[in-house]
Amino acid sequence: MPELIAKSALEGRTETLGPVTLAEVEVGPITSVALFPGGGKLAAKGLKALGLAMPGPNTFTAKKGSRIVWTGRDQAFLIGVEPPALEGAALTDQTDGWTVLGLSGAGAVEVLARLVPLDLRLAACPVGTALRSQLNHMNAVILRTGDHAFEIMVFRSMARSAWHEIHAAMEMLAARAGTKF
């Protein structure tokens, strides 16, 4: 019988061009939490054990290596930990369905401005913001993780396309700045 070996979509790829670094990020388990009607209080009890609560729209919170990211009305991704028992919610393992790309550096906003139809400048998109949007032609969840840092979640099947699109935008930004690559 063949042995299956788990590996990431981009095999841990990292690249820096000019002031921007693009890297595949290993985040651990990703679990979709979808509240049943009226299940918010029951789910809150289970999340409290992790020091987390269901996030408000367009936000995420982190605590002790775990995160909970808003993904829609009464929906979130629990990232980085195995989920506790959550009564009042449907849990679905999404780990193999998503790839996370980290984009950081002084030009990160300028790179994403070429691909995302949202204002991602710090004043409009502070740290702790989670947005559902398009990354060029792909659906994405974009997290603002630092002043010059983002995590971009895309479907695993689109990981190489997302890498290509972001990398091309990085090249445009570097060329404009006169950076050799």
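Just above, that's the structure.
First things first, this report covers the structure right here in the doc.

Rules and cut-offs
Residues numbered from 1 in each chain as written. Predicted model: local features only at pLDDT ≥ 70, side-chain atom pairs only at ≥ 80, totals over all residues. Heavy atoms only, no water. Helix = DSSP H or I, 4+ residues; strand = E, 2+ residues; numbered from the N terminus. Rg over C-alpha atoms; globule rule 2.2 N^0.38 Å. Buried < 20%, exposed > 50% of the residue type's maximum accessible area, 1.4 Å probe, protein only. Pairing = 2+ DSSP bridges. Salt bridge = Lys/Arg side-chain N within 4 Å of Asp/Glu carboxyl O. Phe/Tyr/Trp six-rings, centres within 6.5 Å; stacked < 30°, edge-to-face > 60°. Contact = heavy atoms within 4.5 Å.

Things to note about the overall build of the protein
For the protein, the count of helices and strands is 3 helices and 11 strands. Compactness check: the protein gives a C-alpha radius of gyration of 17 Å against a globular reference of 16 Å for 181 residues, within 12% of the reference. Based on the C-alpha atoms only, the size of the protein along its principal axes is roughly 55 × 55 × 30 Å. Taken over 181 residues, the protein has a buried fraction of 45%.

Description of the pairing of strand β5 (residues 66-72)
Where burial is concerned, most of β5 is hidden: 7 out of the 7 residues are buried. Sheet topology note: the strand β4 (residues 60-63)/β5 ladder contains 4 bridges and is antiparallel. What sits directly across from lysine 63, in β5, is serine 66. Linking β4 to β5, which pair antiparallel, is a turn of 2 residues; within it lysine 64 sits at a positive phi near 50°. Here 5 bridges tie β5 to strand β6 (residues 75-79), and the two strands are oriented antiparallel to one another. Note on β6: the bridge partner recorded for isoleucine 68 is leucine 78. Taking the residues between adjacent antiparallel strands as the criterion, β5 and β6 are bridged by 2 residues, where aspartate 74 takes a positive phi near 55°.

Some remarks on the pattern of salt bridges
Counted according to the given criterion, the structure contains 3 salt bridges. Arginine 67 is the partner of glutamate 151 in a salt bridge, and the nearest nitrogen-oxygen pair spans 2.7 Å. A residue pair is termed long-range when its members are at least 10 positions apart, and glutamate 151 in strand β11 (residues 149-155) and arginine 67 in strand β5 qualify at 84 residues. Across the pair, exposure class does not vary: glutamate 151 and arginine 67 are buried alike. Of the charged contacts in the structure, one is a salt bridge between aspartate 119 and arginine 121, with a shortest N-O distance of 2.8 Å.

Examining the packing of aromatic side chains
This structure, assessed with the given rule, holds 2 aromatic pairs. Measuring from ring centre to ring centre gives 5.2 Å for phenylalanine 77 and tryptophan 98, while their planes differ by 70°; the resulting arrangement is edge-to-face. With a gap of 21 residues between them, phenylalanine 77 in strand β6 and tryptophan 98 in strand β8 (residues 98-105) connect regions that are remote in the sequence. Across this residue pair, the class does not change: phenylalanine 77 and tryptophan 98 are buried. Pairing tryptophan 98 with phenylalanine 155 gives two aromatic rings, centres 4.6 Å apart and planes at 40°, and the pair type is tilted. Here tryptophan 98 is found in strand β8, whereas its partner phenylalanine 155 is found in strand β11, with 57 residues between them in sequence. Here tryptophan 98 falls in the buried class, since its relative accessible area comes to 9%.

A word on the environment of leucine 143
Looking at where leucine 143 falls in the secondary structure, it is placed in strand β10 (residues 138-146). Along the backbone, leucine 143 and asparagine 58 are 85 residues apart, and their C-alpha atoms lie at a distance of 9.1 Å. For leucine 143, the contacting residues outside a window of four places in its chain are Phe60, Arg67, Val69, Thr129, Ala130, Ala149, Phe150 and Glu151.

Here we look at the pairing of β8
Burial of β8 is extensive: 7 of the 8 residues sit out of reach of the surface. Direction of pairing for strand β2 (residues 20-25) relative to β8: antiparallel, over a ladder of 6 bridges. Each residue of the ladder has a partner; that of valine 20, found in β8, is glycine 105. Both β8 and β11 contribute to a ladder of 7 bridges, which runs antiparallel. Within β11, the residue paired with glycine 102 across the bridge is glutamate 151.

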